[in-house]
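# Per-entry structural report
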Amino acid sequence: MYLIPKPQKWTTTEGIFTICYDRAIVLDTSCPAEVYEDARLLQQALCETLGFTMRIIRGSVRPGDICLKLGETLGAQAYDLCINADGIIITGGSACGLFYGMQTLRQMTQQEGCCLPYTAIQDEPQIANRGFYHDVTRGRIPTMTYLKKLVDRMAAYKLNQLQLYMEHTFLFAKFSEVWRDDTPLTPEDILELDAYCRKRHIELIPSIACFGHLYKVLRTRTYSHLCELPDMEREPFGFVDRMRHHTLDVSNPESMQLVRSLIDEFMPLFTSKHFNICADETFDLGKGKSAGLAETEGTQRMYLDFVKELCEYVVSKGKIPMFWGDIICAFPEAVQELPKETICLNWGYDADWPEDSTRKLSEAGARLYNCPGVSGWDQLVNQIGVSYENISRMCRYAFDYQAEGVLNTDWGDCGHINHPDFSLVGMIYGAAFSWNADIPSFDEINRQISCVAYGDVSESLVSVLAKISVSWKFTWRNAVDWLEQGGLQEKHADGNVDAVDVEKLPDVPLYPVGDYREAKKHLEEIKDKLYASVSHVPVEQKKQIHAYLIAVQGMILLQKLGMVLSGEQTSDDVCRAQRLTLAEELEYWLYDYKVLWRSVSRESELFRIQHVICCYADWLRS
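Nothing here was measured: the structure is a model prediction, and the numbers come from that model.

What follows covers the pattern of salt bridges. A side chain of one charge can pair with a side chain of the opposite charge when the charged atoms of the two come close. Summed over the entire model, instances satisfying the criterion amount to 29 salt bridges. Here Asp-189 ties to Arg-602 by a salt bridge, and the two come within 2.9 Å at their closest N and O atoms. Of this pair, Asp-189 sits in helix H5 (residues 187-198) while Arg-602 sits in the loop between helix H18 (572-600) and helix H19 (606-621), and the two are 413 residues apart along the sequence. A residue is classified by how much of its surface remains accessible, and Asp-189, at 11% relative accessible area, is buried. When its relative accessible area of 19% is taken as the criterion, Arg-602 is described as buried. In this structure, Glu-309 and Arg-260 form a salt bridge, with 3.5 Å as the shortest nitrogen-oxygen distance. Taken together, the residues Glu-309 in helix H9 (residues 299-316) and Arg-260 in helix H7 (residues 253-266) connect sequence positions 49 residues apart. On the accessibility criterion, Glu-309 (34% relative accessible area) is partly exposed.

Here we come to helix H10 (residues 356-363). Residue pairs three or four apart in sequence face the same way in an α-helix, which turns once every 3.6 residues. Inspection of H10 places Ser-357, Thr-358 and Leu-361 among the buried residues, and these make up the whole buried set. Buried positions in H10, seen along its axis, are confined to an arc of 100° and lie on one side of it. Close packing links the buried residues of H10 with strand E13 (343-347), strand E14 (367-371) and helix H11 (384-400). One or two residues past the end of H10 sits Gly-365, with phi positive at roughly 90°.

Here we come to the layout of surface pockets. A volume near 1500 Å³ is recorded for the largest pocket. As for the largest pocket, its lining consists of 46 residues, and the residues nearest its centre are Lys-149, Arg-153, Ala-453, Glu-540 and Gln-541. Elements represented by at least two residues in the lining of the largest pocket include exactly helix H1 (35-50), helix H2 (95-112), helix H3 (144-156), helix H13 (442-454), helix H17 (542-565) and H18.

Our focus in this paragraph is the side chain of Gln-103. With respect to the helices and strands, Gln-103 occurs in helix H2. Sequence-distant contacts of Gln-103, defined by excluding residues within four places in its chain, comprise Ala-155, Ala-156 and Lys-158.

Axis separation between H3 and H5 bottoms out at 10 Å; the angle between their running directions is 20°. Accordingly, the angle class assigned to the pair H3 and H5 is roughly parallel. For the pair H3 and H5, the crossing hand works out as right-handed. Contacts between H3 and H5 pair Met-144, Leu-147, Lys-148, Val-151 and Asp-152 from the former with Asp-189, Glu-192, Leu-193, Tyr-196 and Cys-197 from the latter. Along the lines of polarity and charge, the residues of the contact of H3 with H5 split into six nonpolar, no polar and four charged.

Taken as a whole, this structure holds six cavities of 30 Å³ or more when the rule is applied. Of the pockets and cavities examined, the largest cavity occupies roughly 70 Å³. When residues of the lining of the largest cavity are traced back to their parent elements, those giving at least two are strand E8 (129-135), H3 and helix H12 (424-435). Looking at the lining of the largest cavity element by element, the count peaks at three residues for H3. In the lining of the largest cavity, the residues fall into six nonpolar, two polar and two charged.

Both faces of strand E2 (residues 24-27) are covered, namely the face carrying Ala-24 and Val-26 and the face carrying Ile-25 and Leu-27. The sheet contact formed by E2 and strand E3 (residues 55-58) spans four bridges and is parallel. Looking at E3, one finds that Ala-24 is bridged to Arg-55. In the classification by handedness, the crossover that spans E2, the intervening H1 and the parallel E3 is right-handed. Inspection of the sheet shows E2 paired to strand E4 (residues 66-70) by three bridges, in the parallel sense. If you follow Val-26 over to E4, its bridge partner there is Cys-67.

Let us look at the sheet that holds strand E15 (residues 405-410). Taken in spatial order, the eight strands of this open sheet run E10-E9-E8-E15-E14-E13-E12-E11, and their pairing is parallel. Only two strands of the sheet have a single partner each, and these edge strands are strand E10 (203-205) and strand E11 (274-276). Between one strand and the next, the sheet's axes are offset by a mean angle of 25°, whatever the strand orientation. Pairing analysis gives five bridges linking E8 to strand E9 (residues 161-165), with the strands arranged parallel. Its bridge partner lying in E9, Asp-135 is registered against Tyr-165.

A word on the packing of aromatic side chains. A complete count under the given rule lists 30 aromatic pairs for this structure. Between Tyr-133 and Trp-324 the ring centres are 5.1 Å apart and the planes differ by 85°, which places this aromatic pair in the edge-to-face class. Of this pair, Tyr-133 sits in strand E8 while Trp-324 sits in strand E12 (residues 320-324), and the two are 191 residues apart along the sequence. When its relative accessible area of 0% is taken as the criterion, Tyr-133 is described as buried. Under the relative-accessibility criterion, Trp-324 is labelled buried at 0%. Judged by centre distance (6.1 Å) and plane angle (75°), the ring pair of Phe-474 and Tyr-516 falls under edge-to-face. Residue Phe-474 is located in the loop between helix H14 (461-468) and helix H15 (476-484), and its partner Tyr-516 is located in helix H16 (residues 513-533); the two are separated by 42 residues in the primary sequence. Here the two residues Phe-474 and Tyr-516 agree in accessibility, since each one is buried. By way of ring pairs, the aromatic residues Phe-170, Phe-172, Phe-175, Tyr-223, Phe-266 and Phe-270 are connected into one cluster. The positively charged end of Arg-200 is found above the aromatic ring belonging to Tyr-196, 3.6 Å away from the centroid. A cation over a ring is seen here: Arg-579 above Trp-619, with NZ or CZ 4.7 Å from the ring centre.

The rules we used
- Residues numbered from 1 in each chain as written.
- Predicted model: local features only at pLDDT ≥ 70, side-chain atom pairs only at ≥ 80, totals over all residues.
- Heavy atoms only, no water.
- Salt bridge = Lys/Arg side-chain N within 4 Å of Asp/Glu carboxyl O.
- Helix = DSSP H or I, 4+ residues; strand = E, 2+ residues; numbered from the N terminus.
- Buried < 20%, exposed > 50% of the residue type's maximum accessible area, 1.4 Å probe, protein only.
- Arc of directions from axis to C-beta.
- Contact = heavy atoms within 4.5 Å.
- 1 Å grid on protein atoms, 1.4 Å probe; cavity = no way out; pocket = protein on both sides within 12 Å on 5 of 7 lines; lining within 4 Å.
- Points joined across faces, edges and corners; volume = space filled by probe spheres on them.
- Axes fitted to C-alpha atoms, helices over the stretch in contact; angles between N-to-C directions.
- Parallel < 35°, antiparallel > 145°, perpendicular 65-115°, else oblique.
- Left-handed = near helix turned anticlockwise from the far one by under 90°.
- Nonpolar A, V, L, I, M, F, W, Y, C, P; charged D, E, K, R; others polar.
- Pairing = 2+ DSSP bridges.
- Right-handed = clockwise from strand over helix to strand, strands pointing away.
- Phe/Tyr/Trp six-rings, centres within 6.5 Å; stacked < 30°, edge-to-face > 60°.
- Lys NZ or Arg CZ within 6 Å of the ring centre and 35° of its normal.

Structure, rendered in structure tokens:
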């Protein structure tokens, strides 16, 4: 039996206790009223697992009951779970601790059914704040049904903070020019999600871009004059361009007025005590309209003054400000000028990310969260191996430097093409490694996740999934870069298309045709293994396999596209036939992909992914 996260202390002894249908979930008189809602969730979960519904009562306990009670000596997130001949007792330091004990019991019944070994568990997290950060801006805006599913998954693995990254995807008042062509989240959506999170002991923290990364805002007629670089609204859309530019002009007082108005409208929707102003990747600062100010003040001072004013404003509203630490890490001593409440979010996403930034910010006295990532951006399937190395490292650094939290990130660069379910493995890594510093090996945790999260009796599914992202050569980012850097030439009036000019694309690698052919072969082998794995997982998990099959098929088609771009040598007639067939295959794949997208996400920017695929299909036909 596996438990994720691994409890701090866990022993089993000889003997089996059987949960019987005619026993009850008993609320001790020490339990606050809110525990009833948690007991209802446990009741529902046990019914789904065991096939029967146990009554919920308050009062005396009979042999064989599941008893829930508070323990005065336990920490707020701590719990004890005891299973013996008399029944099951979960003791929590608070309603939250009790809830975590119930999640552990759920995992036990999912694997062992009604018959559980005699068990004693004493458990609590080693890092108090354990969060998940989900991009709902650069491609996908999930449906409310999916967001609630995400919250339930987080609760199952004892995560306690959720942030949704937003730039323009909220229905701000007097902002219709920004969200008019999108499918934004509404105030009612946020209020509903906030309440849903609270019932699962998760803090929904507001997070909006307040400095850089304001692509759609700073391209509107109303607000484009606040963009640091002039005339950016005239530039064509680019997946990469949207992330590199569009920083506020801090020399214009209207910039601060705009951000304050967004904060004033957004903040009241959340019960959270935190507010994330983001303020990351302000690459253009001082390079345009504020260049004069930069000459006298310097960009570091400009950055710090703007962030400081924002943080002070958040504090004046009674909230704790958060911001991304990538810019200030170059001059970490400046954190001392920010309000003492401010939390610095230290991110780093490489597999071998060093501890330098954690150490610098910690030594500078910053309140600190470490922020690894699930490595799904630019990917059709998340890089599971990269995410394991990155998350385990960043969690270790968090332990070593006494960080207050770990915030595991899921970004949507280049259209958020990966299905959000593919981040589940990385999300579990973050939950497990921030709870318990005893981090399992890559193979071991993957066996555990295969069993616990997917119900895979072979315990091999995640090892198969981990091979997907390392098996392609021509990637989605390659496809985007070829399109955006001019690799596919425009049609002439006569309908002809120029040949691809490789010299124009120094940053986009092309491999020999044989490499793409070999990658295609590996992906087809993985697809066969995925089909075989269908028999290893329960019915409710089979749709997960379907989503991966669609993704892998898309990766196979990209390898075929790579063969064409790198000069597959065949006769003209055969080459043309192959290109026409590939164009058709891409379009059929796009149909399946769109159906899958709409099953979990609003329409949002699906059209941008469609544009990329259709451009390649048209080029192949030319």
